[in-house]
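The primary structure of each chain is shown beneath.
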Amino acid sequence: MAHTSTTDAPAKYTPVVGDFYDFSSLLSEQERSHLAALREYLEREVRPIVTEHWVNATFPRELVRGLADAGATGFAWPETRRFENSAVFRGFITIELGRIDASVATYIGVQNGLVMGTLGVCGSEAQRAEWLPKLNSGEVVSAFGLTEPLSGSDSAQGLRTTAKREGDHWVLNGRKRWIGNATISDITIIWAKDADDGNVKGFIVPNDTPGFTATKIENKQSLRIVQNADIVLDNVRVPHELKLEHANSFKDTAKVLRLTRAEVAWGAVANAIGAYEVALEYAREREQFGKPIAGHQLVQDLLAKSLGNITASLAMCVRVSQMLDEGTQRDEHSALAKAYATARMRETVAWCRELFGGNGIVSEYDVVRFFADAEALYSYEGTREMNTLIVGRAITGHAAFV
C-alpha cells in the first residue's frame, strides 16, 4: 500500500479543476494527502486503460487489488479505516474515481458503499469482523442484489424473491436484475421476502452456491465496464449464519440506501467534472478561425454553465455529507441531492459533448464516455421522480407514491 502509507512523505494535493469554490479546503491535511496519492494511482494505472475497456465492455480485474491498496475503500468503518476521516472526504474519494471513469466509481460504489455499507449497518459484530476486511482488501469482490425484473422503484412492497427458513438454513428462490459486479463477484448480498412473516431480510450468498447463476447483461450503452447481470436463485440454501443479523425489514435496507444515495450524488458530480475537465482541455487546444475555441464567447458560455451546475451540485453534496457526520441527515436530504445532482449532470455532459462538435461522439476523446454513462447514474439508486416524491412527502406531509 505504498501509495497511501502514512509514513511516506505527504503527497501534494491540488483541487480538481471543477472545485471552483475550493470545497476541498474543508478537508484535513491527512485527507488531502490521501486524495493526492489516490489520484496519482488513478492517473497512472486507470486512466490509460478505461476507454479500451469501455469500448469492449470488459472489466479490468487486475485493478481490484490496486484500487484497494490505493485506498479507495473502507474509510466509513472502524474495522477498515486507515485514519479518522469525514464524510466529505469520502465524497471526494468518489470525485477522484468518477472524474476518471464512472464505471470504476460504480464498481467501488457497489463494493464499498452498497455491500460494505450493508455489512456495516446490518451485519453482526462477527459478520463485520469477517467480511469487512476481506472486502476492503479486494480479497473478496461483491455484488448487491435488490432490483428484480419486475421490481425496481417499488422494492419496498414489490419484492418477489423469497426466503424460507428450514432448520439451520434459508432457502432462496427468485430473480434479480441489473446487479452490478455479479459476474465477477465472490459473494452477493441478496434481499428476499421472508415467506413466513413477509418482511424483507438480507443474506450473504456465495456465488458458487448450488442454484445461484449470474448471466451478464449484454449490449449496454452506459457504464459499459460494469458487469451487470441477471441472477437466478433456484432453491439456493444459505446457512443461517450468513443471514444478516440486523437486516429484518425494508427499513433496514433503506438505512443502507440512504447512505449510498448520497454517494451517487457525489458520483454524478464526479462524472460532470470528468466531462468538464476534458472539455476545458479540448477548448484550449482546438483551434478554429485562427485561435483556440476557448477564446470564443459561445464556448465560454458552455463552460461557465457547466461549472455552475458542478459548483451548485457539489455544494449540496458537501452539506449532505456534513449532515451525515452531524447525525442529522435524513432520507429526503440524500434524495434531493441525488435528484438535483444527476439532473444537472445530464445537462453538463451534454454541453461538454456539444463543445467537441463531431469529435464528441468518438471514444478517443473521452467525453462521449461521460455523456453515455450519465444516463445510468441518472436512473440508479432511485430515479429522479422517486427521489422527488421522497422530498415531496417530507415537505408536504403527504405521500404521493401511488
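Remember, predicted model here, so these are calculated numbers, not experimental data.

(A) Structural view of the overall build of the protein chain. When helices and strands are counted, the protein chain shows eleven helices and nine strands. Over its C-alpha atoms the protein chain spans a radius of gyration of 21 Å, differing by no more than 12% from the 21 Å that the globule rule assigns to 402 residues. Dimensions of the protein chain along its principal axes, counting C-alpha atoms only, are 75 × 55 × 40 Å. Split into buried and exposed, the 402 residues of the protein chain put 56% on the buried side. The long-range fraction of contacts in the protein chain, counting pairs at least 24 apart against all pairs at least 6 apart in sequence, stands at 75%. When the accessible surface of the protein chain is summed, it comes to about 17,000 Å², and 52% of that surface belongs to carbon and sulfur atoms.

(B) Here's a closer look at the nonpolar core. Counting 78 residues, the largest nonpolar core has Leu67, Phe92, Ile95, Leu97 and Leu355 as its most contacted members. For this core, the elements supplying multiple residues, two or more each, are α1 (29-56), α2 (63-69), α3 (87-98), α4 (102-122), α7 (250-285), α8 (297-326), α9 (331-355) and α10 (367-379). Here leucine 97 is in contact with Leu42, Leu67, Ala72, Val104, Ala105 and Ile108, once residues within four sequence places are set aside. Listed in part, the 41 residues of the second largest apolar core include Trp131, Leu159, Val236 and Leu257.

(C) Expanded view of the pairing of strand β3 (residues 169-179). Of the strand pairs in this sheet, strand β2 (residues 162-166) and β3 are connected by five bridges, and their pairing is antiparallel. Within the sheet, the bridge partner assigned to lysine 164 lies in β3 and is valine 171. The pairing of β3 with strand β7 (residues 229-239) spans eight bridges and is antiparallel. Paired with histidine 169 across the strands is proline 239, a residue of β7.

(D) Fine view of empty space enclosed by the protein. Across all of its chains, the model carries one cavity of 30 Å³ or more by this definition. Estimates place the volume of the largest cavity at around 50 Å³. In terms of lining residues, the largest cavity is bounded by Val64, Leu67, Ala68, Thr73, Tyr107, Ile108, Gln111, Leu135, Asn136 and Gly138. The set of elements that each furnish at least two residues to the lining of the largest cavity consists of α2, α4 and α5 (125-137).

(E) Just the confidence of the model for the protein chain, in detail. Taken as a whole, the protein chain shows an average pLDDT of 94; of its residues, 96% reach a score of 70 or greater. Ranking the helices and strands of the protein chain by mean pLDDT puts β7 first, with 98, and helix α6 (residues 155-158) last, with 69. Long-range and interchain partners of residues 1-7, a stretch whose pLDDT sits below 50, account for 14 contacts in this model, where long-range means more than four residues apart.

(F) Here's a closer look at helix α11 (residues 384-396). Taking 1.5 Å of rise per residue, 13 residues should cover 18 Å, and α11 covers 18 Å from first to last C-alpha, within 8% of that figure. Of all the residues in α11, the buried ones are Met386, Asn387, Ile390, Val391 and Gly392. Positive backbone phi, approximately 85 degrees, marks glycine 397, located one or two places after α11.

(G) Molecular detail of the packing of aromatic side chains. Scanning the model with the defined rule gives twelve aromatic pairs in all. For the ring pair phenylalanine 75 and phenylalanine 89, a centre distance of 5.1 Å and an interplane angle of 90 degrees mean the geometry is edge-to-face. One end of the pair, phenylalanine 75, is in the loop between α2 and α3; the other, phenylalanine 89, is in helix α3, and 14 residues separate them in sequence. Classification of phenylalanine 89 as buried rests on a relative accessible area of 0%. Members of the aromatic cluster, joined through ring pairs, are Phe20, Tyr21 and Phe23.

(H) Representation of the pattern of salt bridges. Tallied over the entire structure, the rule returns 27 salt bridges. Where glutamate 166 meets arginine 237, a salt bridge forms, and the shortest distance between an N and an O atom there is 3.1 Å. Of this pair, glutamate 166 sits in strand β2 while arginine 237 sits in strand β7, and the two are 71 residues apart along the sequence. The exposure class assigned to arginine 237 is partly exposed, which follows from its relative accessible area of 41%. Within this structure, Arg39, Glu43, Arg47, Glu96, Arg99 and Glu277 form a network of salt bridges that share partners.

About the cut-offs
Residues numbered from 1 in each chain as written. Predicted model: local features only at pLDDT ≥ 70, side-chain atom pairs only at ≥ 80, totals over all residues. Heavy atoms only, no water. Helix = DSSP H or I, 4+ residues; strand = E, 2+ residues; numbered from the N terminus. Rg over C-alpha atoms; globule rule 2.2 N^0.38 Å. Buried < 20%, exposed > 50% of the residue type's maximum accessible area, 1.4 Å probe, protein only. Contact = heavy atoms within 4.5 Å. Areas by Shrake-Rupley, 256 points an atom, 1.4 Å probe, with all protein chains shown as cover. Core = buried A, V, L, I, M, F, W, Y, C linked by side-chain atoms within 4.5 Å. Pairing = 2+ DSSP bridges. 1 Å grid on protein atoms, 1.4 Å probe; cavity = no way out; pocket = protein on both sides within 12 Å on 5 of 7 lines; lining within 4 Å. Points joined across faces, edges and corners; volume = space filled by probe spheres on them. pLDDT = per-residue confidence, 0-100. Expected span 1.5 Å × (residues − 1). Phe/Tyr/Trp six-rings, centres within 6.5 Å; stacked < 30°, edge-to-face > 60°. Salt bridge = Lys/Arg side-chain N within 4 Å of Asp/Glu carboxyl O.

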